[in-house]
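Topology and contacts: notes
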Amino acid sequence: MFKAENSNIKQIINNNWQQIDDEIQSDRAINMLGSQAIINSLIAEGVEYMFGYPGGAIMPTYDVIHQMQDKIKHVLVRHEQGAVIAAQGYARASGKVGVCIATSGPGATNLITGIADAMIDSTPLVCITGQVHKDLLGTDAFQETDIIDISMPITKWNYKITEASEIPKVMARAFYIAKSGRPGPVLIDITKNAQIEFLEYSYKKCLHFNSYLPEPTPKLQAIKEAASLINHAKKPMVVFGQGVILGNAEQELKTFLDKSGIPAAATIMGLSALDNKHPNYVGMLGMHGNYAPNLLTNQCDVLIAIGMRFDDRVTGTLATYAKQAKIIHLEIDNSEINKNVRVNVPVLGNVKFTLPQITDRVIENQFPEWCKEFDNLHQQELEAVIKQDLNPKTDAISMPEVIDMVNELTNNEAIIVTDVGQHQMAACRYAQFNQTRSMITSGGLGTMGFCIPAAMGAKLAKPNRTVIGIVGDGGVQMNIQELGTIMQSEIDVKIIILNNEFLGMVRQWQELYFDKRYASTEITSPDYQVLASAYGIASAKVVQREQLKSTLQEMLSHDSAYLLEVMVGQEDNVFPMISPGDSVSDMRLK
């Protein structure tokens, strides 16, 4: 190895660029800088967009990004958290690995929240951070932070590269680990010396390596037992999660439901895996989910969990969750089996391959009396909650009626990206989907500030689809600087701020459980129209219901980014609701 002086990097790149361009497609090794190897590895993995922010420790790689603008696109965000969340939005909308890049120290630590979010929501990312020269490691050098130890609990894998020769193999392994099995984020920390050293570069995609088995081998006996339980069930119920989407098993789920006749409910992360109009679909589970599937979880005799992890927002108190049911759990990650809920039949493997084997063995069936119980409870929710949500008797616009109007004007075809809070629950409850990968939200971590950058990434992943960000007046101010990214990169996203002048979800809990002591939940917003204008983004504000439809139509027909603020009821609450510590059977309608 030898190092190129910083002042000579650009000259070296220019001198050997044509040779690299000619030979990179061959299997022959070619002499290049580590920084060139990083970007060529991304190109070899089919990366189209990367989201990032430059700085000293990653500057050699940014010089190569500049040289290769025609082969890979870099989106300059305004904050590194915006980069990692935009990469998540891209990954969730496209099904590909999202990529973000940042410098050392604060650049790297600013990625941490987004990495944690991706880890708990199983989003495939490769995060690249610069690091100080290897000779300075451990000296508290300027902008040195041990990002490997910091990120270890929240990454699927991480690795520090200190020699240029490591780059091709580590990058290949990073992409393989991020996207295989149960997906997740990977972080690669690359010292500055490794970026300016030469190596003999050749690239081979990683297809496997020892000690890592991303998908367990399904056991035929478990599949037979699952089918037998289903065939003898009188009141079976399916709960499906994001594992269906991650496994590209949407059609397999539909085929199973068509044949078995079993009612099916989605977790928040499973939304859009099944067309909302499918006759077996009975709604969303969870703390603010639909009444029928929550209550009847504790009345079914066989519960078939497909690609979901039994998190606390779905189960309520575990002491009373589905104790009457035999539970079948289709899951790719063995660590999730029996972690929260004891199951009778674990079916390990990718649901795309295990579910069809069960489908082949189940009898064609219908459960009219059992399905009628779902219908009856749905009618109760319709009368007590839904009709009032969609047709409020007050002058104040409700969040659900905004979402319902969006459904109507987009024919249920938009990608909906939410932030976190009451508006998120309203969107998840009322948005309608007829295509997969159409609901993008922060599920497990609940990251405020998620919406705007995630919507940017989703739109770049799916330029021909309408992408609408639904955000509250609290969350929007957490990453509002990314309007600058939208402006500079000309990203055609539509942003709807549902402004109730409160941190709404916290306020709701304060009303219900803290005697209406609204401690630090009233929030003042800037003039969003003036702010949007400063960024060159069209905008409007809706105060009266009569304005809503025409303004939404104007937003949707606008040929570039648009910010719409809608003033909604200040103290509206989201119901139904399972109170903290309660059973799913205790769900309250008001």
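Residues numbered from 1 in each chain as written. Predicted model: local features only at pLDDT ≥ 70, side-chain atom pairs only at ≥ 80, totals over all residues. Heavy atoms only, no water.

Looking only at helices and strands, one finds 23 helices and 20 strands in the chain. Compactness check: the chain gives a C-alpha radius of gyration of 25 Å against a globular reference of 25 Å for 590 residues, within 12% of the reference. Oriented by its inertia axes, the alpha-carbon framework of the chain measures out at about 75 × 60 × 40 Å. The buried share of the chain, reckoned over its 590 residues, is 58%. Across the chain, every contact between residues at least 6 apart in sequence was considered, and the portion connecting residues at least 24 apart equals 76%. (Helix = DSSP H or I, 4+ residues; strand = E, 2+ residues; numbered from the N terminus. Rg over C-alpha atoms; globule rule 2.2 N^0.38 Å. Buried < 20%, exposed > 50% of the residue type's maximum accessible area, 1.4 Å probe, protein only. Contact = heavy atoms within 4.5 Å.)

It is worth spelling out the domain arrangement of the chain at this point. The domain architecture assigned to the chain consists of domain 1 (28–201), domain 2 (220–374) and domain 3 (397–567). Taking only C-alpha atoms, the centre of domain 1 and the centre of domain 2 are 37 Å apart. The interface of domain 1 with domain 2 comprises seven residues on the first partner and seven residues on the second. With both sides pooled, the region where domain 1 packs onto domain 2 buries about 620 Å², and carbon together with sulfur makes up 55% of that total. (Domains from an automatic or database assignment. Buried area = accessible area lost by both parts, 1.4 Å probe.)

Contact geometry of helix α17 (residues 399–410) with helix α23 (residues 545–557) gives a least axis separation of 10 Å together with a crossing angle of 45 degrees. Here α17 is positioned oblique relative to α23, judged by the angle of their axes. Classified by chirality, the crossing of α23 by α17 is right-handed. In this structure, α17 uses Glu401, Val402, Met405, Val406, Glu408, Leu409 and Thr410 to contact α23, whose residues at the interface are Arg545, Leu548, Lys549, Leu552, Gln553 and Leu556. (Axes fitted to C-alpha atoms, helices over the stretch in contact; angles between N-to-C directions. Parallel < 35°, antiparallel > 145°, perpendicular 65-115°, else oblique. Left-handed = near helix turned anticlockwise from the far one by under 90°.)

Attention now moves to the sheet that holds strand β4 (residues 98–102). Spatially, six strands are ordered β3-β2-β4-β5-β7-β6 in an open sheet, and the strand pairing comes out parallel. The two strands at the open ends of the sheet, each matched to only one other strand, are β3 (73–76) and β6 (157–161). Averaged over neighbouring strand pairs, the angle between their axes works out to 20 degrees when direction is ignored. Where strand β2 (residues 49–52) lies against β4, two bridges are found, and the strand directions are parallel. Note on β4: the bridge partner recorded for phenylalanine 51 is cysteine 100. Lying over the sheet, helix α6 (residues 112–120) contacts β5 (125–131) and β7 (185–191), oriented at roughly 145 degrees with respect to β7. (Pairing = 2+ DSSP bridges.)

Let us look at the environment of histidine 79. Examined against the element boundaries, histidine 79 turns out to sit in the loop between β3 and α4 (80–94). Placed 31 residues apart in sequence, histidine 79 and asparagine 110 show a C-alpha to C-alpha distance of 7.7 Å. Leave out the neighbours within four places in its chain, and histidine 79 touches Tyr53, Asn110, Gln481 and Glu482. A polar side-chain atom of histidine 79 sits 3.0 Å from the main-chain amide nitrogen of glutamine 81. (Polar contact = N/O pair within 3.5 Å; in protein donor to acceptor, adjacent residues only side chain to side chain.)

Next up on the list: the environment of cysteine 300. Among the secondary structure elements, cysteine 300 is positioned in the loop between α13 (291–297) and β12 (302–306). Measuring from C-alpha to C-alpha, the distance between cysteine 300 and leucine 348 comes to 23 Å, with 48 residues separating the pair along the chain. Contact partners of cysteine 300, with chain neighbours within four places excluded, come to Lys235, Met237, Gln324, Ala325 and Trp370.

One open sheet holds the six strands; their spatial order is β16-β15-β17-β18-β20-β19, and the pairing between them is parallel. Each of the sheet's edge strands pairs with one partner strand only, and the pair in question is β16 (439–440) and β19 (538–542). Here strand β17 (residues 467–472) runs beside strand β18 (residues 494–499); their pairing, made up of five bridges, is parallel. Residue pairing for β18: isoleucine 470 is matched across the bridge by isoleucine 496. Across the sheet, α17 lies against β15 (415–418), β17, β18 and β20 (562–567), angled at about 160 degrees from β18, the strand it touches most. Across the sheet, α23 touches β17, β18, β19 and β20, and the angle it forms with β20 is around 165 degrees.

Once that is clear, we can look at the confidence of the model for the chain. Across the chain, the average pLDDT comes to 95, with 95% of residues at 70 or higher. This stretch, residues 1–15, has a pLDDT under 50; its non-local contacts, to residues over four places away or in other chains, come to 31 contacts. (pLDDT = per-residue confidence, 0-100.)

Cis rather than trans, the peptide bond between phenylalanine 575 and proline 576 has omega equal to 0 degrees. Secondary-structure assignment places proline 576 in the segment after β20. Even without glycine at this site, aspartate 140 takes up a positive phi of about 60 degrees. Topologically, aspartate 140 is positioned in the loop between β5 and α7 (147–151). The backbone phi angle of serine 272 is positive, close to 85 degrees, even though this residue is not glycine. Secondary-structure assignment places serine 272 in the loop between β10 (264–266) and β11 (281–284). Serine 272 sits in the buried class, given a relative accessible area of 6%.

Looking now at the environment of leucine 503. Residue position: leucine 503 is located in the loop between β18 and α21 (504–513). In this structure, the C-alpha to C-alpha distance between leucine 503 and lysine 462, residues 41 residues apart in sequence, is 31 Å. Setting aside its immediate chain neighbours within four residues, leucine 503 contacts Met448, Gly474, Ser520, Thr521 and Ile523.

Looking now at the nonpolar core. Phe240, Leu303, Ile416, Ile496 and Val566 are the most contacted members of the largest nonpolar core, which has 95 residues in total. Leave out the neighbours within four places in its chain, and isoleucine 496 touches Val402, Val406, Ile468, Gly469, Ile470, Val471, Leu552, Met555, Leu564 and Val566. Of all hydrophobic cores here, the second largest spans 53 residues; its members include Ala93, Ala108, Phe450 and Ile480. (Core = buried A, V, L, I, M, F, W, Y, C linked by side-chain atoms within 4.5 Å.)

Turning our eyes to something else, we now look at the packing of aromatic side chains. To describe a pair of aromatic rings, one takes the distance between the centres and the angle between the planes. Applying the stated criterion to the full structure yields 12 aromatic pairs. Measuring from ring centre to ring centre gives 6.1 Å for tyrosine 176 and phenylalanine 209, while their planes differ by 70 degrees; the resulting arrangement is edge-to-face. Placement of tyrosine 176 in helix α8 (residues 167–179) and of phenylalanine 209 in the loop between β8 (198–201) and α10 (220–231) is noted, with a sequence separation of 33 residues between them. Here tyrosine 176 matches phenylalanine 209 in class, with each residue buried. One aromatic cluster in this structure is built from Tyr49, Phe51 and Tyr90. Positioned over the ring face of tyrosine 49 is lysine 73, at 5.5 Å from the centre of the ring. (Phe/Tyr/Trp six-rings, centres within 6.5 Å; stacked < 30°, edge-to-face > 60°. Lys NZ or Arg CZ within 6 Å of the ring centre and 35° of its normal.)

We now examine the pattern of salt bridges. Counting across every chain of the model gives 20 salt bridges. We note a salt bridge from glutamate 381 to arginine 429, for which the minimum N-O separation is 2.7 Å. Of this pair, glutamate 381 sits in helix α16 (residues 368–390) while arginine 429 sits in helix α18 (residues 422–430), and the two are 48 residues apart along the sequence. For glutamate 381, a relative accessible area of 1% gives the class buried. Classification of arginine 429 by relative accessible area gives buried; the value is 9%. The salt bridge partner of aspartate 492 is lysine 494, with a shortest N-O separation of 2.8 Å. Taking the relative accessible area as the measure of exposure, lysine 494 reaches 3% and is therefore buried. (Salt bridge = Lys/Arg side-chain N within 4 Å of Asp/Glu carboxyl O.)

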